[in-house]
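# Breakdown of the fold
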Amino acid sequence: MHEVLLVEDDEMIREATRLTLQGSGYTVRTASDGTSGLALFREQAPDVAVLDIMLPGLNGVSLASRIREESRVPVLLISARNDPVDVVMGLEAGADDYVTKPFDGMVLTARIRALLRRAAPAEHRPGSTPLTFGDLALDPETLDVRLGGKPLSLTTTELKLLQEFAAVPGMVLTRDVLLEKVWDYAWSGDTRVVDVHIRRLRAKIGHERIQTVRGFGYKLRP
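Residues numbered from 1 in each chain as written. Predicted model: local features only at pLDDT ≥ 70, side-chain atom pairs only at ≥ 80, totals over all residues. Heavy atoms only, no water.

## Structural notes on the overall build of the chain
Regarding its fold elements, the chain presents eight helices and 12 strands. Relative to the compact-globule value of 17 Å for 222 residues, the chain shows a C-alpha radius of gyration of 18 Å, a close match. Summarising its shape, the C-alpha atoms of the chain cover approximately 50 × 35 × 30 Å along the three principal directions. Within the chain, the fraction of its 222 residues that count as buried is 46%. Across the chain, the fraction of contacts at a sequence separation of at least 24, relative to all contacts at a separation of at least 6, is 58%. Counting 28 positive and 31 negative side-chain charges, the chain places the averaged centre of each group 6 Å from the other. (Helix = DSSP H or I, 4+ residues; strand = E, 2+ residues; numbered from the N terminus. Rg over C-alpha atoms; globule rule 2.2 N^0.38 Å. Buried < 20%, exposed > 50% of the residue type's maximum accessible area, 1.4 Å probe, protein only. Contact = heavy atoms within 4.5 Å. Lys, Arg positive; Asp, Glu negative; His and termini not counted. Charge placed at Lys NZ, Arg CZ, Asp CG, Glu CD.)

In structure tokens, the structure reads:
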């Protein structure tokens with residue numbers, strides 16, 4: 001059974017969300033502020049963290065950043081404001097996805113399931129040949145990524161993005177296609193999620209490797 005850390009300062013929302021997630025089969029640990037949420041994260045090592053942005057003390061963006069420094073566990077942000085600045089700051093801090101309040105419980109659980117599927121160990125594929133793009137190498141079997149022969153640390157989302165690009169080098173992938181393949185959205189999602197994670201991936205592997213095709217999407221230069 002997967003364990004979810006829920007950090008939400010509003011008691012009514014926290015309790016309603018806890019009951020929704022428990023009803024979907026998750027074990028839920030809760031905290032009402034960022035500081036206690038970080039302590040609980042370190043103590044319990046949950047499978048996914050769901051964080052409200054507007055938390056007292058250590059806010060959700062800062063908490064996401066602290067978690068990302070220590071772990072690759074999926075992080076989902078929730079916010080009462082659909083402010084582009086909040087969204088971008090949260091994703092830049094290392095969050096994998098976000099939802100805005102008020103949210104449907106089914107949508108939240110679907111997003112969590114998608115995050116957990118993406119974080120699951122890859123299927124073993126013996127004999128896979130490493131994919132190389134100049135001095136960038138991705139081993140499809142071990143999912144090790146090396147840049148200039150040195151190991152490169154990617155988040156789960158960044159790694160999944162690189163996998164999708166590496167599977168079809170030179171082919172343009174639209175934002176909607178990436179939302180479907182990487183975030184597992186069965187509906188139209190916010191393409192800002194894609195753009196921010198592309199920017200984070202570029203910062204790690206080199207901006208020139210992923211090319212923007214204006215009006216269409218992105219492609220990996222073969």
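## Considerations on the sheet that holds strand β6 (residues 131–133)
In spatial order, the strands read β6-β7-β8-β9; together these four strands make up an open sheet with antiparallel pairing. Each edge of the sheet is formed by a strand with only one pairing partner; in this case those strands are β6 and β9 (150–151). As defined by bridge partners, β6 adjoins strand β7 (residues 136–138) across three bridges and the pair is classed as antiparallel. If you follow Thr132 over to β7, its bridge partner there is Ala137. Packing of helix α6 (residues 156–167) onto the sheet brings it into contact with β6, β7 and β8 (145–147), and relative to β7 it is tilted by some 95°. (Pairing = 2+ DSSP bridges. Axes fitted to C-alpha atoms, helices over the stretch in contact; angles between N-to-C directions.)

## Some thoughts on the packing of helix α1 (residues 11–23) against helix α5 (residues 105–119)
Between two packed helices, both the angle of their axes relative to each other and the distance between the axes serve to describe the pair. α5 packs onto α1 with a crossing angle of 60° between their chain directions and a minimal axis gap of 10 Å. When the axis of α1 is compared with that of α5, the two are oblique. Taken as a pair, α1 and α5 cross one another with a handedness that is right-handed. Taken together, the residues of α5 that come into contact with α1 (itself represented by Thr17, Thr20 and Leu21) are Gly105, Leu108, Thr109 and Ile112. (Parallel < 35°, antiparallel > 145°, perpendicular 65-115°, else oblique. Left-handed = near helix turned anticlockwise from the far one by under 90°.)

## Quick word on the sheet that holds strand β12 (residues 217–220)
Hydrogen bonds between backbone groups are what pair the strands of a sheet, and the pairing can be parallel or antiparallel. The strand order across the open sheet built from three strands is β10-β12-β11, with neighbouring strands paired in antiparallel fashion. Lying at the two open borders of the sheet, with one neighbouring strand each, are β10 (173–174) and β11 (210–213). Docked against the sheet, α6 engages β10, β11 and β12, running at close to 70° with respect to β12.

## Remarks on the nonpolar core
Leu51, Ile67 and Phe165 are the most contacted members of the largest nonpolar core, which totals 49 residues. Per-element accounting of this core gives the leading share, six residues, to helix α8 (residues 192–205). In this structure, Leu51 is in contact with Val7, Gly60, Leu63, Ala64, Ile67, Val75, Leu76, Leu77 and Ile78, ignoring residues within four places of it in sequence. Counting residues in hydrophobic clusters, the runner-up holds 14 residues, among them Leu21, Tyr26, Ile78 and Leu115. (Core = buried A, V, L, I, M, F, W, Y, C linked by side-chain atoms within 4.5 Å.)

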